[in-house]
Amino acid sequence: MKIERGDIIPAVGISNIKLDSTKEELLKLIGGNFKERFREDDSIIEIENAKFWIAKDGKIDQIGVWGDFEGKYKGVIGLGSTLKDVKELVGNYVNIYDTYEMEVDKGICFELEDIEDWDELRAPIEFIYVFRVK
């Protein structure tokens, strides 16, 4: 199972999978072909090109996509885009640890590919995450 396309909406969801949905609702959408890793305070469900963090309350806290996912944020930013594209097309971002969050739109971040001659503005976006804003 994988998610092929769909809108990426900060603090809301990706494609037809929404943050705050229950684990049971997620499993109905993705079917039985997944891996689940249990951690101290949560679990992570993984399919071919996405991960879902299930919080203590049993609801989706974060969604991440990578690989061949074709969806877009604001219709223009997707996997393979760059922070240069982000800055020119959708607005400013801020660096938080190893990710880049939108300055205005809370609940979305990007993780960049580790390329040779690494440059923050030129490195392709390898992962996109949306998360609940508390």
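Scroll up to find the structure.
Residues numbered from 1 in each chain as written. Predicted model: local features only at pLDDT ≥ 70, side-chain atom pairs only at ≥ 80, totals over all residues. Heavy atoms only, no water.

## Concerning the pattern of salt bridges
Link 1 in the chain: Evaluated as defined, the whole model comprises twelve salt bridges.
Link 2 in the chain: A salt bridge links R5 to E70; the nearest nitrogen and oxygen atoms lie 3.0 Å apart. Residue R5 is found in the segment before strand 1 (7-9), and its partner E70 is found in the loop between strand 7 (60-65) and strand 8 (72-73); the two are separated by 65 residues along the sequence.
Link 3 in the chain: Residue class for E70 comes out partly exposed when judged on its relative accessible area of 47%.
Link 4 in the chain: For K74, the salt bridge identified is with D105, shortest N-O distance 3.3 Å. Remark: D105 occurs in the loop between strand 10 (99-102) and strand 11 (108-112) and K74 occurs in the loop between strand 8 and helix 2 (83-89); sequence separation between them is 31 residues.
Link 5 in the chain: Judged by relative accessible area, which is 23%, D105 ranks as partly exposed.
Link 6 in the chain: Residues joined in a network through salt bridges with shared partners are D20, D57, D61, R132 and K134. (Salt bridge = Lys/Arg side-chain N within 4 Å of Asp/Glu carboxyl O. Helix = DSSP H or I, 4+ residues; strand = E, 2+ residues; numbered from the N terminus. Buried < 20%, exposed > 50% of the residue type's maximum accessible area, 1.4 Å probe, protein only.)

## Quick word on the nonpolar core
Link 1 in the chain: Judged by nonpolar contacts, the single largest core of 32 residues is most densely connected at F52, V86 and F110.
Link 2 in the chain: Looking at this core, the elements with two or more residues in it are helix 1 (23-30), strand 5 (43-47), strand 6 (50-54), strand 7, helix 2, strand 10, strand 11 and strand 12 (125-131).
Link 3 in the chain: Aside from chain neighbours lying at most four places away, what touches V86 is I77, G91, Y93, M102, F110 and I125.
Link 4 in the chain: Listed in part, the five residues of the second largest apolar core include I44, W53, C109 and F131. (Core = buried A, V, L, I, M, F, W, Y, C linked by side-chain atoms within 4.5 Å. Contact = heavy atoms within 4.5 Å.)

## Topic: a nonpolar patch on the surface
Link 1 in the chain: A contiguous nonpolar patch, built from V94, I96 and Y97 and spanning about 320 Å² of accessible area, is present on the exposed surface.
Link 2 in the chain: By relative accessible area, which is 30% here, V94 ends up partly exposed. (Patch = residues over 30% accessible without salt bridge, like charges linked within 9 Å, V, L, I, M, F, W, Y side chains within 5 Å. Areas by Shrake-Rupley, 256 points an atom, 1.4 Å probe, with all protein chains shown as cover.)

## Considerations on the side chain of N49
Link 1 in the chain: Within the secondary structure, N49 is located in the loop between strand 5 and strand 6.
Link 2 in the chain: A distance of 2.6 Å separates a polar side-chain atom of N49 from the backbone oxygen of I3.
Link 3 in the chain: Discounting chain neighbours no more than four positions away, the residues touching N49 are K2, I3, G64, V65, W66, D68 and F69. (Polar contact = N/O pair within 3.5 Å; in protein donor to acceptor, adjacent residues only side chain to side chain.)

## Overview of the sheet that holds strand 1
Link 1 in the chain: Pairing is mixed in the open sheet, where four strands are placed in the order 3-2-1-8. Looking at strand neighbours, the two that pair on one side only are strand 3 (17-18) and strand 8, the edges of this open sheet.
Link 2 in the chain: Two strands pair when backbone bridges link them, and strand 1 and strand 8 are joined in this way by two bridges, in the parallel orientation. Across the sheet, residue D7 finds its bridge partner in strand 8, namely K72. (Pairing = 2+ DSSP bridges.)

## Describing the sheet that holds strand 7
Link 1 in the chain: Spatial strand order, 4-5-6-7-12-11-10-9: eight strands in an open sheet with antiparallel pairing. Each edge of the open sheet is held by one strand with a lone partner, namely strand 4 (35-38) and strand 9 (93-96). Here the strands of the sheet are splayed against their neighbours by 20 degrees on average, with no regard to which way each runs.
Link 2 in the chain: Where strand 7 meets strand 12, four bridges bridge the pair, whose relative direction is antiparallel. (Axes fitted to C-alpha atoms, helices over the stretch in contact; angles between N-to-C directions.)

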